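These are the residues of each chain, in order.
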Amino acid sequence: MSDELRLIRKNLRRLLVAYTLCLLSSCSHNRPENVTMVDALPEIYPDYVGVTVPAELAPLNFGMADDVDCVDVTVRGSKGGQIHANGDFADFDVDDWHELTRQNIGGQLTFTVCAEKDGRWTQYREFTVNVSTYPLEEWGLTYRRIAPGYETYSYMGLFQRELATFNEDPILENTQVPGMCVNCHAACQTDPERGFVFHVRGDHGATMFQRNGQREWLKAKNDLLGGSMVYPYWHPTGRYCAFSTNQTRQGFHVGIGQDTTLLARRTNRIEVFDLSSDVFVYNPETHEILTDSLLQTKEWSENTPTFSPDGRWLYYMTCRQQDYPMHYKDEKYDLCRIAFDPNTGRFGSGVDTLFRATSMGKSLTWPRPSYDGKYILFTLQDYGYFSIWHEESQQWLLELRTGEARELTELNSPRADSYHNWNVNSHWVVFTSRRDDGLYSRLYLASVDDEGRWSKPLLLPQRNPQHYYESSLFSFNVPDFTKSHVDFDAYNAGREILSDKRVETKVK
């Protein structure tokens, strides 16, 4: 039986136990009395001790890592205010929480936690949470939720989550387009009203563009490109969108050979690589594809393009083409850039290499520039570019002013820290990590101040986090901030996908 199947069965058992406990309502809801003090921090899930939060974020609800009968939590603000929760887990009122965080911007929240077990109350050492002076300036997050199966698309979808509450709703699920993959979505500098795009793979494949409420479906593959339009990134003006076109393949580690250990088979189960990939820019007004010989070479694979915040540079990663799948471990990418003129749609005459990961024996993937122009956040791993499947993948930061790069030890964990994006004011990032159990990718938030100091990452809050994460059978991927709710007509979109009515693109 595979690790994934064991975890699924374990989660189903947990879900049954949680349902039973809910019916029995074990918590007495009494206030603590005859309390025993212990000089230790409470073991809570998620671990929110010492994190930094924006005032707009949903409450940091949590449960005890140990089985307890009841938990009682008081939160006091350093600038005033107090809230209280008592029950099976710390479940704070959303409005009360936001009133407290707004009152304490730039200050701290102090948590006093008591837990009852077998009729005895224990009070733990207090811990603090910082309330950031940097606003979130975003309505929510968009992301893909996907089951841990590899061979078929099964159930998946694009979802959006309001960050001030726990409300989540689908943008598009593949139950409306059975047997298809919905992925590769992006908003124009986090604003879906200015532009929103995603790609659909399968028999009715297409690339969807929606701008100012108007939607159109592009033909999934242009024969002159040799592949589909994937990994989109909008130009800051909204006039262009960069893509790569990839012939993607996947393979599975079967454990044959002396160099493939049981641990390697457990951590890196699948490898994704491209037989070829190129980069181009699309003009949605004219339906023209802008190409350049420097971005479409036979000897090199160009991939995952992004624009600089001023729109004058196109960043992308590139590696020397290999003989796949035989030499998949030699697929190693560096970070490059080429000039781009948004007035003419023309590219520069030369390519600069900004970071040589290959000189370290590593591979760079998912470069994402901050919107203030200070940094490029990227992932570093041993080889390849699908970092979500590489346990060794870690977050790195390139400072554009100095050209210096460093590992973000403040964010990283021993397990697959991967795909990331910035919020619009460049003080918050969202990224995926498998640090919880090594199997499921979950979403974490962290902040950086004006001096470049990073906060401790925090798991995306849920109303009942233990129940939500332990019973969930889905991984989160491709997260991004969104300035507003994505207004998308999923019902008619499903019909349009199946209709195969497509807009033709042309190569300029």
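Residues numbered from 1 in each chain as written. Predicted model: local features only at pLDDT ≥ 70, side-chain atom pairs only at ≥ 80, totals over all residues. Heavy atoms only, no water.

Considering the overall build of the chain
Reasoning step 1: The secondary structure content of the chain amounts to five helices and 36 strands.
Reasoning step 2: Buried residues in the chain amount to 54% of all 508 residues.
Reasoning step 3: In the chain, the proportion of contacts linking residues at least 24 apart, taken out of those at least 6 apart, comes to 59%.
Reasoning step 4: Just so you have it, the chain exposes about 21,800 Å², and 48% of that area is on carbon and sulfur atoms. (Helix = DSSP H or I, 4+ residues; strand = E, 2+ residues; numbered from the N terminus. Buried < 20%, exposed > 50% of the residue type's maximum accessible area, 1.4 Å probe, protein only. Contact = heavy atoms within 4.5 Å. Areas by Shrake-Rupley, 256 points an atom, 1.4 Å probe, with all protein chains shown as cover.)

Thoughts on the packing of aromatic side chains
Reasoning step 1: This structure, assessed with the given rule, holds 26 aromatic pairs.
Reasoning step 2: Here phenylalanine 111 and phenylalanine 127 contribute two aromatic rings whose centre-to-centre distance is 4.8 Å and whose plane-to-plane angle is 10 degrees, an arrangement assigned as stacked. Taken together, the residues span a long stretch of sequence, with phenylalanine 111 in strand β7 (residues 108-117) and phenylalanine 127 in strand β9 (residues 127-131) at a distance of 16 residues.
Reasoning step 3: These aromatic residues form a ring-pair network of at least three members: Phe62, Phe92, Trp97, Phe111 and Phe127.
Reasoning step 4: Here arginine 145 stacks its cationic end above the ring of phenylalanine 159, 4.0 Å away from the centre of that ring. (Phe/Tyr/Trp six-rings, centres within 6.5 Å; stacked < 30°, edge-to-face > 60°. Lys NZ or Arg CZ within 6 Å of the ring centre and 35° of its normal.)

Let's talk about the state of the cysteines
Reasoning step 1: One pass over the full model with this rule turns up zero disulfides.
Reasoning step 2: Here cysteine 181 stays unpaired: no disulfide links it, and the sulfur of cysteine 184, its closest cysteine neighbor, is 7.4 Å away.
Reasoning step 3: With a relative accessible area of 3%, cysteine 181 lands in the buried category. (Disulfide = S-S within 2.5 Å.)

Quick word on the pairing of strand β5 (residues 70-77)
Reasoning step 1: Among the eight residues in β5, seven count as buried, and that is most of the element.
Reasoning step 2: With eight bridges joining them, β5 and β7 adopt antiparallel strand pairing. Bridge pairing in β7 links arginine 76 to threonine 110.
Reasoning step 3: Two successive antiparallel strands, β5 and strand β6 (residues 82-87), enclose a turn made up of four residues, where glycine 80 displays a positive phi of approximately 115 degrees. (Pairing = 2+ DSSP bridges.)

Side note on a negative patch on the surface
Reasoning step 1: Where like charges cluster on the molecular surface, the negative patch consists of Asp93, Asp95, Asp96 and Glu99.
Reasoning step 2: Locating aspartate 96 in the fold gives a position in helix α2 (residues 94-103).
Reasoning step 3: Taking relative accessible area as the criterion, aspartate 96 reaches 38% and is therefore assigned partly exposed. (Patch = residues over 30% accessible without salt bridge, like charges linked within 9 Å, V, L, I, M, F, W, Y side chains within 5 Å. Salt bridge = Lys/Arg side-chain N within 4 Å of Asp/Glu carboxyl O. Lys, Arg positive; Asp, Glu negative; His and termini not counted. Charge placed at Lys NZ, Arg CZ, Asp CG, Glu CD.)

Thoughts on the nonpolar core
Reasoning step 1: The biggest cluster of nonpolar side chains holds 72 residues, and the ones touching the most others in it are Phe62, Phe92 and Phe111.
Reasoning step 2: Once residues within four sequence positions are removed from consideration, phenylalanine 62 is found in contact with Ile44, Tyr45, Pro46, Tyr48, Val73, Phe89, Ala90, Phe92, Phe111, Val113, Phe127 and Pro465.
Reasoning step 3: Grouped together as the second largest cluster of nonpolar side chains are 20 residues, Val230, Leu335, Trp366 and Tyr385 included. (Core = buried A, V, L, I, M, F, W, Y, C linked by side-chain atoms within 4.5 Å.)

A closer look at the confidence of the model for the chain
Do not read the fine detail of predicted coordinates wherever pLDDT is low.
Reasoning step 1: Residues at a pLDDT of 70 or more form 85% of the chain, whose mean pLDDT is 88.
Reasoning step 2: Below a pLDDT of 50 lies the segment residues 1-11, which in the model reaches 19 contacts outside its immediate sequence neighbourhood of four places, other chains included.
Reasoning step 3: Confidence drops under a pLDDT of 50 for residues 13-26, and excluding neighbours within four residues, the segment shows seven contacts in the predicted structure. (pLDDT = per-residue confidence, 0-100.)

Quick notes on the pattern of salt bridges
Reasoning step 1: Throughout the structure, instances matching the rule amount to 21 salt bridges.
Reasoning step 2: Among the ionic pairs, aspartate 72 bridges to arginine 31, the shortest N-O distance being 3.4 Å. In this pair, aspartate 72 is assigned in strand β5 and arginine 31 in the loop between α1 (3-24) and β1 (36-37), connecting sequence segments 41 residues apart.
Reasoning step 3: On the basis of relative accessible area, aspartate 72 is assigned to the buried category, the value being 4%.
Reasoning step 4: The residue aspartate 341 makes a salt bridge to arginine 312 at a minimum N-O spacing of 3.6 Å. With a gap of 29 residues between them, aspartate 341 in strand β25 (residues 334-341) and arginine 312 in the loop between β23 (300-307) and β24 (313-320) connect regions that are remote in the sequence.
Reasoning step 5: A residue is classified by how much of its surface remains accessible, and aspartate 341, at 26% relative accessible area, is partly exposed.
Reasoning step 6: Counted as one network, the salt bridges with shared partners bring together Asp436, Asp437 and Arg442.

Some thoughts on the environment of methionine 64
Reasoning step 1: Of note, methionine 64 is situated in strand β4 (residues 63-64).
Reasoning step 2: Judged by relative accessible area, which is 7%, methionine 64 ranks as buried.
Reasoning step 3: Put simply, methionine 64 and phenylalanine 89 are 25 residues apart on the chain and 7.2 Å apart in space, counted from C-alpha to C-alpha.

Let's talk about the pairing of strand β15 (residues 206-211)
A regular strand carries its side chains on alternate faces of the sheet.
Reasoning step 1: With five of six residues buried, β15 is to be regarded as a mostly interior element.
Reasoning step 2: Inspection of the sheet shows strand β14 (residues 191-201) paired to β15 by five bridges, in the antiparallel sense. Residue pairing for β15: valine 197 is matched across the bridge by phenylalanine 209.
Reasoning step 3: Once β14 ends, the chain turns through four residues before running back antiparallel as β15, passing glycine 202 with a positive phi of about 130 degrees.
Reasoning step 4: As defined by bridge partners, β15 adjoins strand β16 (residues 214-219) across six bridges and the pair is classed as antiparallel. Bridge pairing in β16 places arginine 211 opposite glutamine 214.

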